[in-house]
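Spelled out, the chains give:
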Amino acid sequence: MLRPKHGGNLSWAAAVAGCEPQELLDFSASISPLGPPASVLQALHDNLAVLLSAYPNPDYGSLRSCLADYHGLESEWVLPGNGAAELLTWAARDLAGCDRVYFLTPGFGDYGRSLRAFGAKVEHRPLAVDSLFDSGLSDLEVRAGTDVAANWGDAIATLPPLGPQDGMVLNNPHNPTGYLWGAEVVRSRLDQGGLVVVDEAFMDFLPPEQQQSVVGWVQAFPNLVVLRSLTKFYSLAGLRLGYALLHPQRAERWQQWRDPWPVNGLAAIAAEVALKDLAFQQQTWDWLPAARQVLVSGLRDLAGLEVYSGCANFLLVRSRHSCVQLQRQLLQRDQILIRDCLSFEGLGDRFFRIAVRRPEENQRLLTALGNRFSAVGSP
Ligand SMILES: Cc1ncc(COP(=O)(O)O)c(C=O)c1O
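Residues numbered from 1 in each chain as written. Predicted model: local features only at pLDDT ≥ 70, side-chain atom pairs only at ≥ 80, totals over all residues. Heavy atoms only, no water.

> Mind laying out the overall build of the chain, listing which residues take part and the relevant values?
Within the chain one finds 14 helices and 13 strands. Taken against the 2.2 N^0.38 rule, which gives 21 Å for 379 residues, the C-alpha radius of gyration of the chain at 21 Å falls within 12% of a compact globule. Along the first, second and third principal axes, the C-alpha set of the chain runs to 65 × 55 × 40 Å. Here the chain holds 379 residues, and 55% of them are scored as buried. Pairs at least 24 residues apart make up 73% of the contacts formed inside the chain by residues separated by at least 6 positions. When the 32 positive and 39 negative side-chain charges of the chain are each reduced to one mean point, those points stand 6 Å apart. (Helix = DSSP H or I, 4+ residues; strand = E, 2+ residues; numbered from the N terminus. Rg over C-alpha atoms; globule rule 2.2 N^0.38 Å. Buried < 20%, exposed > 50% of the residue type's maximum accessible area, 1.4 Å probe, protein only. Contact = heavy atoms within 4.5 Å. Lys, Arg positive; Asp, Glu negative; His and termini not counted. Charge placed at Lys NZ, Arg CZ, Asp CG, Glu CD.)

In structure tokens form, the structure reads like this:
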């Protein structure tokens, strides 16, 4: 079986670990451990037979209006899709019409897949990932005005002006670092008409007052597309549900390119119920900062590992030793799966990524790592 390109490939990991997939503790996929929300499970249960046998409404009127309400927009500005990944495909088809597409690396591997599929002319701009670790600061501290902040902010601000024929893909917060760019930095790229696709798949993990979303500028800039996902925050990765916020004409064009029912009926109802589950949202915002902080502190206590404390529900870790080897050891001895970073351009075998999970699960990971790395300061 081939080494997977994405996190969450439990069949591959179970074969390496010699156990059943459900026996693994998966830190490789950045999916909330709190979900799916009970409200969603109940709605799926109550409507299962009807939703399985009927075609979904191809307009997705009710779902679109729910998503539009959530963002204070009209329905025609919303296009639901079979995960953000499906919408990325159509964004890439538009980006392929640009003279060049700026793409900050390392980045989520599916951008490469979709841009290549349509022959987009991609210009890679490497981010200084090591500088995040060398600063020893958290993301919020970094953004407060250190050299690293200038460096990472500059990665966007110093791109040549985006002419009408240019394009850009940006992921905020950034996978795999969890770095969060300020919304104004992104906004500064919109004036000259180039197509800007901002993937905010992990933005909802930040409480509303800390989010740096550019959704509020969608109506002012027809050249802006924002992609969002419900699969991570609500733990619905198997069901698949994402959406784009974009100009209605672009939404209509994308709609003509795809099949009539890209979102299945179960996913559509799940999304509507999930968006209304304010208690689940609050529970997530209460859990994440504390759980992440304990994990960060535990990792910082281990010699040979360095962690960057970003804003998302995952952490990027730099290791003095091979992470592929570590991944194999954790699988075989502890049945724990971490995400190697081989598929992230420029990272290689000295980085791994872990999701933040429930406190007791995070502790299991820290204990397993503690068996392999000595404590800081010990002989
Ligand atoms: C940055 C980023 N964008 C988009 C996606 C795809 O999300 P979805 O499950 O909604 O297709 C992922 C999945 O890992 C991701 O990491």
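> Can you lay out the state of the cysteines for me, pointing to particular residues and giving the numbers?
Scanning the model with the defined rule gives zero disulfides in all. Of the cysteine sulfurs around C311, a residue in no disulfide, the closest is that of C341, at 18 Å. Under the relative-accessibility criterion, C311 is labelled buried at 5%. Sulfur of C341: no disulfide; nearest cysteine sulfur belongs to C323 and is 7.3 Å away. Residue C341 is classed as buried on the basis of its relative accessible area of 1%. (Disulfide = S-S within 2.5 Å.)

> Just give me the short version of helix 10 (residues 248–257), but keep the residues and values in it.
Along helix 10, the residues that are buried comprise P248, R250, A251 and W254. For helix 10, the buried positions fall inside an angular range of 155° around the axis, keeping them on one side. What points out from helix 10, more than 90 degrees from its buried face, is the exposed set Q249, E252 and Q256. Elements in contact with the buried residues of helix 10: strand 2 (78–81), helix 4 (84–95), strand 6 (195–199), strand 7 (224–229) and strand 8 (242–245). (Arc of directions from axis to C-beta.)

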